[in-house]
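# What the coordinates show
In case you want the letters, here they are:
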Amino acid sequence: MSNKFQPIIAECVDIARIYDEKIKENPCNQYLHEHKINRMCDTANGTQLCFYGFLNNVLVCEAVATVSLSNKHTQNIDKIMTSSSAYLSAFETKESFRGLGYFSALYKFMEIKLKNMGFKYLVLGVEPNELKNKAIYQKWGYTELIY
């Protein structure tokens, strides 16, 4: 992994720029506009944090942390979160950067930032058939099924 990797917690201006690039690359994806608006609103009102990892100023991976029970875009929030937990979702690594440790570095950055913010627990979702992801998450210490 390169020393040029930089994880950040995005501000609205970062989210707008990143989603504008995604929309330009994928003009037929009707959901990107909605995701952009939701991410920017949730960031502005403090209910989510968007984490991005850049390599030489190129976005390589990302994730979202829902940090408030008042977030309106997280499904089943009352079943997966408490006031002392953050819900991690929207994990993504660009295909050409997978398996190189970039997302693991972003995850560690997220974990430290969220724990420093006072969150005692981190929760994430995984579908039962996602065996590879389940194995990764177990390696990171996720062992308890809550919902």
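Bear in mind that the values here come from a model prediction, so they are computed numbers and not experimental data. (Residues numbered from 1 in each chain as written. Predicted model: local features only at pLDDT ≥ 70, side-chain atom pairs only at ≥ 80, totals over all residues. Heavy atoms only, no water.)

## A look at the pairing of strand E2 (residues 48-55)
Among the 8 residues of E2, 8 are classified as buried, and the element is accordingly described as predominantly covered. Alternating residues of E2 divide into Gln48, Cys50, Tyr52 and Phe54 and Leu49, Phe51, Gly53 and Leu55, and every residue in both groups is buried. Here 5 bridges tie strand E1 (residues 5-9) to E2, and the two strands are oriented antiparallel to one another. The partner of isoleucine 8 across the bridge, within E2, is tyrosine 52. Counting the residues in the hairpin turn of E2 and strand E3 (residues 58-66) gives 2 residues, including asparagine 56, whose phi is positive at 50°. (Buried < 20%, exposed > 50% of the residue type's maximum accessible area, 1.4 Å probe, protein only. Helix = DSSP H or I, 4+ residues; strand = E, 2+ residues; numbered from the N terminus. Pairing = 2+ DSSP bridges.)

## Some remarks on the packing of helix H1 (residues 12-25) against helix H2 (residues 31-44)
Remark: H1 packs on H2, axes separated minimally by 9 Å, with the N-to-C direction vectors making an angle of 175°. It follows that H1 is roughly antiparallel to H2 by the angle criterion. Counted together, Cys12, Ile15, Ala16, Tyr19, Asp20, Lys22 and Ile23 of H1 and Leu32, His33, His35, Lys36, Arg39, Met40, Thr43 and Ala44 of H2 form the full contact between these two elements. When its residues are assigned to classes, the contact of H1 with H2 shows 8 nonpolar, 3 polar and 4 charged. (Axes fitted to C-alpha atoms, helices over the stretch in contact; angles between N-to-C directions. Parallel < 35°, antiparallel > 145°, perpendicular 65-115°, else oblique. Contact = heavy atoms within 4.5 Å. Nonpolar A, V, L, I, M, F, W, Y, C, P; charged D, E, K, R; others polar.)

## Structural notes on the packing of aromatic side chains
Here the structure, examined in full by the defined rule, presents 9 aromatic pairs. Geometrically, the ring pair formed by tyrosine 107 and tyrosine 142 is edge-to-face, given 6.3 Å between the ring centres and 70° between the ring planes. With tyrosine 107 in helix H4 (residues 102-116) and tyrosine 142 in the segment after helix H5 (131-139), this residue pair connects regions lying 35 residues apart in the sequence. Neither tyrosine 107 nor tyrosine 142 differs from the other in exposure class; each is buried. Grouping aromatic residues by their ring pairs yields a cluster made of Phe91, Phe103, Tyr107, Tyr137, Trp140 and Tyr142. Over the face of the ring belonging to tyrosine 19 we find lysine 22, whose NZ or CZ atom lies 4.7 Å from the ring centre. (Phe/Tyr/Trp six-rings, centres within 6.5 Å; stacked < 30°, edge-to-face > 60°. Lys NZ or Arg CZ within 6 Å of the ring centre and 35° of its normal.)

## Quick word on the sheet that holds E2
Spatially, the 5 strands line up as an open sheet ordered E1-E2-E3-E4-E5, and their pairing is mixed. The sheet terminates laterally at E1 and strand E5 (121-124), the two strands that pair on one side only. Taking each pair of neighbouring strands and ignoring which way they run, the sheet shows an average axis angle of 25°. Examined bridge by bridge, strand E4 (residues 85-93) and E5 share 4 bridges and lie parallel to one another. Bridge assignment links alanine 86 to a residue of E5, and that residue is leucine 122. Here H1 sits on the sheet in contact with E1, E2, E3 and E4, set at roughly 65° to E2. Sheet strands touched by H4: E1, E2, E3, E4 and E5. Its angle to E3, the strand with the most contacts, is close to 35°.

Honestly, it's all geometry; don't read function into it.
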